Amino acid sequence: MARYLVTGGSGFIGSNIVDELLHRNQEVAVLDNLSTGRKENLAGVRDRIAFHEADIRDLDKIRPLFQNTDYVIHLAALPSVPRSVADPITSNAVNIDGTLNVLVAARDAKVKRVVFAASSSAYGDNPVLPRVETHMPRPLSPYALTKLAGEYYCVMFTRLYGLETVALRYFNIFGPRQNPDSPYTGVLSIFIAAYLRGQTPTIFGDGEQSRDFTFVSNAVDATLRACTAEGAVGKVINVGTGDRYTLNQTVALLNKMFSKQVTPDHGPVRQGDVRESHADITLARQFLSYEPLVRFEDGLRRTADWARATLR
Ligand code: UD2
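Now for a look at the structure at hand. (Residues numbered from 1 in each chain as written. Predicted model: local features only at pLDDT ≥ 70, side-chain atom pairs only at ≥ 80, totals over all residues. Heavy atoms only, no water.)

The subject of this paragraph is the sheet that holds strand E11 (residues 235-239). Overall, parallel pairing links the seven strands, which are arranged E3-E2-E1-E4-E5-E6-E11 in an open sheet. A single partner strand is all that each edge strand has here, and the edge strands are strand E3 (50-53) and E11. Put simply, the sheet's adjacent strands are angled 20 degrees from each other on average, direction ignored. Both strand E5 (residues 113-119) and strand E6 (residues 164-170) contribute to a ladder of seven bridges, which runs parallel. Its bridge partner lying in E6, Ala-117 is registered against Leu-168. (Pairing = 2+ DSSP bridges. Helix = DSSP H or I, 4+ residues; strand = E, 2+ residues; numbered from the N terminus. Axes fitted to C-alpha atoms, helices over the stretch in contact; angles between N-to-C directions.)

Put simply, helix H6 (residues 187-197) and helix H10 (residues 296-310) touch, their axes get as near as 10 Å, and they point 55 degrees apart. One element, H6, and the other, H10, form an angle in the oblique class. You can see that H6 and H10 cross each other, and the crossing is right-handed. Contacts between H6 and H10 involve Leu-188, Ile-192 and Leu-196 on the former and, on the latter, Phe-296, Leu-300, Thr-303, Ala-304, Ala-307 and Arg-308. Taken together, the residues of the contact of H6 with H10 break down into seven nonpolar, one polar and one charged. (Parallel < 35°, antiparallel > 145°, perpendicular 65-115°, else oblique. Left-handed = near helix turned anticlockwise from the far one by under 90°. Contact = heavy atoms within 4.5 Å. Nonpolar A, V, L, I, M, F, W, Y, C, P; charged D, E, K, R; others polar.)

Surrounding the ligand, one finds 25 residues, the nearest of these being Ser-119, Tyr-143, Val-187, Arg-211 and Asp-273. In the environment of the ligand, an oxygen atom lies 2.9 Å from a nitrogen or oxygen atom belonging to the side chain of Gln-209. Asp-273 has a polar side-chain atom sitting 2.6 Å from an oxygen atom of the ligand. Bound to the protein, the ligand loses 91% of the 750 Å² it would expose on its own. (Near = heavy atom within 4 Å. Polar contact = N/O pair within 3.5 Å; in protein donor to acceptor, adjacent residues only side chain to side chain. Areas by Shrake-Rupley, 256 points an atom, 1.4 Å probe, with all protein chains shown as cover.)

What follows is the structure, encoded as structure tokens:
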């Protein structure tokens, strides 16, 4: 049994990782300030984990939590491109300063490895598709830049201090527990909630922007593999599916799934928005033996089932 510390473990991706770790009989501690994470996400496992309410911006407070830890899965962050455009200073403080604190605490506690949730947004408007990790990053938003800085810190900590790190560039993760009621959540959770509540979704732009929407269980699997995979240390690795869908295609799928004929409203293109996104997952296959097991349409169905059972 190994001991895992999951920062951001109350969040959407974090709580899914915690569930899987417990399923694998691992020991789990969660560090979360509950700013975007929710206690309900851990309600079913609360008595099986150690929960620490703390903010990664507070190094003195988080330091002791890293003692006797084998693996740190660092997900705590302020996600969202538009949030970062509205308030770049807070996104910077949490995502960059906070990540630096996590790395310092992990280094000093001599943890075996840190796996960092990086983001596909790092590629920005680089015109080449699919995205390969060697492509030049061209961040378009403060959020993208903060996630890229986090990766650079990870790679640097491996070189400078010998702390094992792996940075995973998650590509638009979606699935159960992605909160549709936050304005800064992922588009699919917003759209599914709109279908269920009889509301009209809004597409920002013409709907021809594309994403490599990745069901959360694929990201969970890749992340746990990254904790122990030999050869992944010091690397930046895409975690996606290798497929891409436009928002218009997504709406067509949802219309079919819900047997509706919804015509979305359209609004202006979001500032800092990426136009196309599509992962090359060769490195993940090579270094993590990763294979996306749940494809987009299946993931969409599972997410809709969850939303149906959960949402009001
Ligand atoms: C970025 C990253 C993603 C992750 C995420 C965290 C890219 C390509 N992806 O997601 O990997 O790090 O940030 O926040 O940068 N939209 C609508 N209507 C809505 C909501 C969104 O049309 O009601 C559009 C939005 O303008 C965008 C697309 O849907 O073109 C996806 O938006 P999102 O917020 O789900 O995720 P995105 O791509 O900013």
